[in-house]
Amino acid sequence: EKAGFDHFMLKEIYEQPKAYRDTMMGRISDDGRSVVLNEIGMTAEQIRGIRKIQIVACGTAMHAGLVGKTVIESLARIPVETDVASEYRYRSPIITPDTLVIVVSQSGETADTLAALREAKRNGARVMAITNVVGSSVAREADDVIITQAGPEIAVASTKAYTSQLIAFYLFGLFLADTLGTRDADAIAEVVAAMHELPEKVERILTEAPVLKSLAESLAKHNNLFFIGRGVDFAVVQEGSLKLKEISYIHSEAYAAGELKHGTLALIEEGIPVISLISQEDLYEKTLSNIKEVKARGAHVLAVVNEGLEEEVGKSVDELFAIPKTLPLLAPALSVVPLQLLAYYASLARGNDVDKPRNLAKSVTVE
Ligand code: F6R
């Protein structure tokens, strides 16, 4: 059932190109100039009435929501907050009938996420779910549901479910942009065309797995490390850090690159690995200056960068891994893949039970 792979996690990482295609399938018009989400029951008038969006989820699904915030704000210009479900419920959130609440859950059964959904509905908000399981509690109780077509995810560490959630956010962001007129058909077609290229670009990253394996084997010797990034790269490194902690048991922290000097820099000492993600080219010089700050204090820097930046960034780092270029907004669907593989191979190098990390369950149905 692992189809020749050593672990479900690795199989699921390799299933991502298919998961992207399946999640897009049937949801883009034939001419590629609009997104078709027949599962959304909101009328154009209701969509025009949305004043703010709250994305609520746990763990990896919440990390997808962090990217979702940038995607929706950028494409549709609606203000978005992303919350951890277990916090949202108890902070007396301002939920009004013109709020759209989006819950994100692979399983559709996470207790805190489900409770947040119910709280939102009680307050009169419309609730949309992004979930991987048809007929799950979240899918049944939400007003609108976008099913991610990732297929069953067995490994405790979520991979293809996360990236399929990103695809769902891209589709929904474009759908809003189309309805609200914040992007014209040419602009939508440009994003759609770039989305169609993502699966093949993920495949190209997967062919580099042996490089990531040897990088991960060096990381596995450490007990502490850092991730840094800016913009959506910050969202993605938070997911990379969670993945690494979860299955390799290496402690790591993800920092917005510009925040390092406000405290964390004190922890940088000789030899500590810093994984730096640079997919947002407009911000690359800023992150590069943060890389120089940690290098000057002895950090060992692995930079994951867009193709084309190798030479410029290569001069300032110890190790480099290049990822194919895409539109800045779509970069998370590529840049997370090497981070998933680093976590996988680090876990393997440490002899851990990759698919069933200690203390964790696949679905968290207690609060
Ligand atoms: C981490 C992971 C968890 C889940 C979280 C929410 O790899 O899988 O952080 O993302 O427990 O689960 P769902 O998406 O089922 O609500």
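Residues numbered from 1 in each chain as written. Predicted model: local features only at pLDDT ≥ 70, side-chain atom pairs only at ≥ 80, totals over all residues. Heavy atoms only, no water.

*Asks:* Even after reading the chapter, I still don't get the overall build of the protein, so can you show me in this structure?
*Replies:* A count of helical and extended segments in the protein gives 15 helices and 10 strands. For the protein, whose C-alpha radius of gyration is 20 Å, the value lies close to the compact-globule estimate of 21 Å for 367 residues. Referenced to the eigenvectors of the C-alpha coordinate spread, the extents of the protein come out at roughly 55 × 45 × 45 Å. Put simply, the protein has 367 residues, and 57% of those count as buried. Long-range pairs, those at least 24 residues apart, make up 76% of the contacts in the protein with a sequence separation of at least 6. (Helix = DSSP H or I, 4+ residues; strand = E, 2+ residues; numbered from the N terminus. Rg over C-alpha atoms; globule rule 2.2 N^0.38 Å. Buried < 20%, exposed > 50% of the residue type's maximum accessible area, 1.4 Å probe, protein only. Contact = heavy atoms within 4.5 Å.)

*Asks:* Where do I start with the sheet that holds strand 4 (residues 126-131) in this structure?
*Replies:* Strands pair in a sheet through their backbones, by hydrogen bonds, and they do so in one of two ways: parallel or antiparallel. Reading across the sheet, the 5 strands line up as 2-1-3-4-5 and stay open at both edges, with parallel pairing between neighbours. Whereas interior strands pair on both sides, the edge strands pair on one side only; in this sheet they are strand 2 (80-84) and strand 5 (144-147). For this sheet, the mean angle separating the axes of adjacent strands, direction not counted, is 20°. Strand direction decides the pairing type here: strand 1 (residues 52-57) and strand 2, joined by 5 bridges, are parallel. Each bridged residue has a counterpart across the sheet, and for Ala 57 the counterpart in strand 2 is Val 84. Strands strand 1, strand 2 and strand 3 (99-105) of the sheet are contacted by helix 4 (residues 59-76), whose axis makes an angle of about 175° with strand 2. Running over the sheet, helix 6 (residues 111-122) touches strand 1, strand 3 and strand 4 and is turned about 165° from strand 3. (Pairing = 2+ DSSP bridges. Axes fitted to C-alpha atoms, helices over the stretch in contact; angles between N-to-C directions.)

*Asks:* What should I look at first to understand the packing of helix 2 (residues 16-24) against helix 10 (residues 198-206) in this one?
*Replies:* Geometry of a packed helix pair, given as the angle between the helix axes and the separation of the axes. In the contact formed by helix 2 and helix 10, the axes pass within 8 Å of each other and the chain directions differ by 170°. Judged by the angle between their axes, helix 2 and helix 10 are roughly antiparallel. On helix 10, the residues that touch Gln 16, Pro 17, Tyr 20, Arg 21 and Met 24 of helix 2 are Leu 198, Pro 199, Glu 200, Val 202, Glu 203 and Leu 206. Split into classes, the residues belonging to the contact of helix 2 with helix 10 amount to 7 nonpolar, 1 polar and 3 charged. (Parallel < 35°, antiparallel > 145°, perpendicular 65-115°, else oblique. Nonpolar A, V, L, I, M, F, W, Y, C, P; charged D, E, K, R; others polar.)

*Asks:* Explain the pattern of salt bridges to me, please; I cannot follow it from the model alone.
*Replies:* Close approach of charged atoms allows side chains of opposite charge to pair. On inspection of all chains with the given rule, the structure shows 25 salt bridges. Between Asp 186 and Arg 33 there is a salt bridge, and its shortest N-O distance comes to 2.9 Å. Taken as a pair, Asp 186 in helix 9 (residues 185-196) and Arg 33 in the loop between helix 2 and helix 3 (44-48) lie far apart in primary sequence, 153 residues in all. Across the pair Glu 246 and Lys 243 runs a salt bridge, and its minimum N-O distance is 3.9 Å. With Glu 246 and Lys 243 both in helix 12 (residues 232-248) and 3 residues apart, this pair spans about one turn of that helix. (Salt bridge = Lys/Arg side-chain N within 4 Å of Asp/Glu carboxyl O.)

*Asks:* For this particular structure, what's the right way to read the site of the ligand?
*Replies:* Residues in close proximity to the ligand total 13 residues, the closest being Ser 105, Gln 106, Ser 107, Thr 110 and Glu 246. Thr 110 places a side-chain nitrogen or oxygen 2.4 Å from an oxygen atom of the ligand. At 2.7 Å, a side-chain N or O of Glu 246 approaches an oxygen atom of the ligand. Relative to its unbound accessible surface of 410 Å², the ligand loses 89% to contact with the protein. Placement of the ligand is best described as lying within the largest pocket. Partitioned by chemical class, the residues of the shell around the ligand number 4 nonpolar, 7 polar and 2 charged. (Near = heavy atom within 4 Å. Polar contact = N/O pair within 3.5 Å; in protein donor to acceptor, adjacent residues only side chain to side chain. Areas by Shrake-Rupley, 256 points an atom, 1.4 Å probe, with all protein chains shown as cover. 1 Å grid on protein atoms, 1.4 Å probe; cavity = no way out; pocket = protein on both sides within 12 Å on 5 of 7 lines; lining within 4 Å. Sits in = over half its atoms within 2 Å of the grid points.)

*Asks:* Explanation requested: the side chain of His 7 in the structure shown.
*Replies:* Tracing the backbone through its elements, the reader meets His 7 in the segment before helix 1 (8-14). With a relative accessible area of 16%, His 7 lands in the buried category. Leave out the neighbours within four places in its chain, and His 7 touches Lys 2, Tyr 344, Leu 348, Val 354 and Asp 355.

*Asks:* Before we go on, may I ask you to explain the nonpolar core in this structure?
*Replies:* Soluble globular proteins: nonpolar side chains tend toward being buried together. Core analysis: the biggest nonpolar cluster contains 90 residues, and Ile 53, Ile 102, Phe 172 and Met 195 have the highest contact counts within it. Those residues in contact with Phe 172 that sit more than four places away from it in its chain are Leu 37, Ile 40, Met 42, Ile 72, Leu 100, Ile 102, Met 128 and Ile 146. Among the nonpolar cores identified, the runner-up in size contains 20 residues, and Ala 257, Leu 288, Ala 299 and Ala 303 belong to it. (Core = buried A, V, L, I, M, F, W, Y, C linked by side-chain atoms within 4.5 Å.)

*Asks:* Help me understand the pairing of strand 5, please; the structure alone is not making it clear to me.
*Replies:* As a general feature of sheets, a regular strand has side chains that alternate between the two faces. On strand 5, burial covers both faces: Asp 144 and Ile 146 on one face and Val 145 and Ile 147 on the other are all buried. Both strand 4 and strand 5 contribute to a ladder of 4 bridges, which runs parallel. Along strand 5, the bridge assignment pairs Ile 130 with Ile 146.

*Asks:* Mind showing me how you'd approach the packing of helix 10 against helix 15 (residues 332-349) here?
*Replies:* Contact geometry for helix 10 and helix 15: axes closest at 10 Å, N-to-C directions at 25°. The angle between helix 10 and helix 15 falls in the class roughly parallel. Read as a crossing pair, helix 10 and helix 15 show a hand that is right-handed. Every residue of helix 15 that contacts helix 10 at Leu 198, Lys 201, Val 202, Ile 205 and Leu 206 is listed here: Ala 333, Leu 334, Val 337, Pro 338 and Leu 341. Its residues placed into classes, the contact of helix 10 with helix 15 shows 9 nonpolar, no polar and 1 charged. (Left-handed = near helix turned anticlockwise from the far one by under 90°.)

*Asks:* Is there a simple way to think about the side chain of Thr 60 in this case?
*Replies:* Looking at where Thr 60 falls in the secondary structure, it is placed in helix 4. Residue class for Thr 60 comes out buried when judged on its relative accessible area of 9%. Discounting chain neighbours no more than four positions away, the residues touching Thr 60 are Ser 158, Tyr 162, Gln 165, Glu 239, Leu 242 and Lys 243.

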